[in-house]
Amino acid sequence: MQIINGQNRGMLLETIINQTNSFYMQNKICLVHKKNLDIKFKGVSVQNKKLITKSARIINKSTVDYYGIWDGKFLAFEAKSTENKNFSLSNIKKHQIEYLSLIEAFKGIAFWIIYFKLQNVFIIIRHRDLITNIKNKKTLKFSEALKIGFEMQLNFPGVLNYIDIINKNWMS
């Protein structure tokens, strides 16, 4: 596991979640994958032993950032971060809401992890709770996120134990 430092803040949340998922896999807790975008390249060439791509475009919209299985249950979630005091809901796309709603409709576990950089706080929010609380709003206030979600602590070695929060708070 790599140790997280303050550099490259834009990738901090993704790096931590990827480390968490590796930790979970190594310890046989769950299997979670990062979903890649479907990208089509017009051309690829090799120059000086390096691949050079030409005219790439996204073929399909992605569903959500992560999906997997834990304790026989399918789970899917989206990871977002904000450098502002509050989270702008313009960062949430319609297809993400629709996909996570489908996961819940089929009895899967759907949630959001939001990192508030200014406060240096990670919050996990169940999808249905987020959707209920953002109707007709443009932002999710930090204080509202804390009320409808759960703050997660970053544990050594760079792990956000979201499975523990799900198990203790949503599975009863």
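None of these values were measured; they are calculated from a predicted model.

(A) View of the sheet that holds strand 4 (residues 66-70). One open sheet holds the six strands; their spatial order is 1-4-5-7-8-10, and the pairing between them is mixed. Edge strands, defined here as strands with exactly one partner in the open sheet, are strand 1 (31-34) and strand 10 (150-152). Here the strands of the sheet are splayed against their neighbours by 25 degrees on average, with no regard to which way each runs. Both strand 8 (residues 121-126) and strand 10 contribute to a ladder of three bridges, which runs antiparallel. The partner of Ile124 across the bridge, within strand 10, is Phe150. Here helix 2 (residues 94-105) sits on the sheet in contact with strand 5 (73-82), strand 7 (109-116) and strand 8, set at roughly 150 degrees to strand 5.

(B) Inspection of the pairing of strand 4 at higher detail. The alternating pattern of strand 4 places Tyr66, Gly68 and Trp70 on a buried face, while none of Tyr67 and Ile69, on the opposite face, is buried. Where strand 1 meets strand 4, four bridges bridge the pair, whose relative direction is antiparallel. In the sheet register, Leu31 faces strand 4, and the bridge partner there is Ile69. Examined bridge by bridge, strand 4 and strand 5 share five bridges and lie antiparallel to one another. By the bridge assignment, Tyr67 is partnered in strand 5 with Ala76. Hairpin connection between strand 4 and strand 5: a loop of two residues separates the two successive antiparallel strands, and Asp71 in this loop has a positive phi of roughly 50 degrees.

(C) Looking closely at the pattern of salt bridges. Scanning all chains against the criterion turns up eight salt bridges. As a salt-bridge pair, Lys137 and Glu144 come within 3.0 Å of each other at their nearest N and O atoms. On the basis of relative accessible area, Glu144 is assigned to the partly exposed category, the value being 22%.

(D) View of the layout of surface pockets. Its volume calculated, the second largest pocket comes out at about 160 Å³. Considering the residues around the second largest pocket, the lining is formed by Glu104, Lys107, Gly108, Ile109, Ala110, Arg126, Arg128, Trp170 and Met171. When its residues are assigned to classes, the lining of the second largest pocket shows four nonpolar, one polar and four charged.

Conventions adopted
- Residues numbered from 1 in each chain as written.
- Predicted model: local features only at pLDDT ≥ 70, side-chain atom pairs only at ≥ 80, totals over all residues.
- Heavy atoms only, no water.
- Pairing = 2+ DSSP bridges.
- Helix = DSSP H or I, 4+ residues; strand = E, 2+ residues; numbered from the N terminus.
- Axes fitted to C-alpha atoms, helices over the stretch in contact; angles between N-to-C directions.
- Contact = heavy atoms within 4.5 Å.
- Buried < 20%, exposed > 50% of the residue type's maximum accessible area, 1.4 Å probe, protein only.
- Salt bridge = Lys/Arg side-chain N within 4 Å of Asp/Glu carboxyl O.
- 1 Å grid on protein atoms, 1.4 Å probe; cavity = no way out; pocket = protein on both sides within 12 Å on 5 of 7 lines; lining within 4 Å.
- Points joined across faces, edges and corners; volume = space filled by probe spheres on them.
- Nonpolar A, V, L, I, M, F, W, Y, C, P; charged D, E, K, R; others polar.

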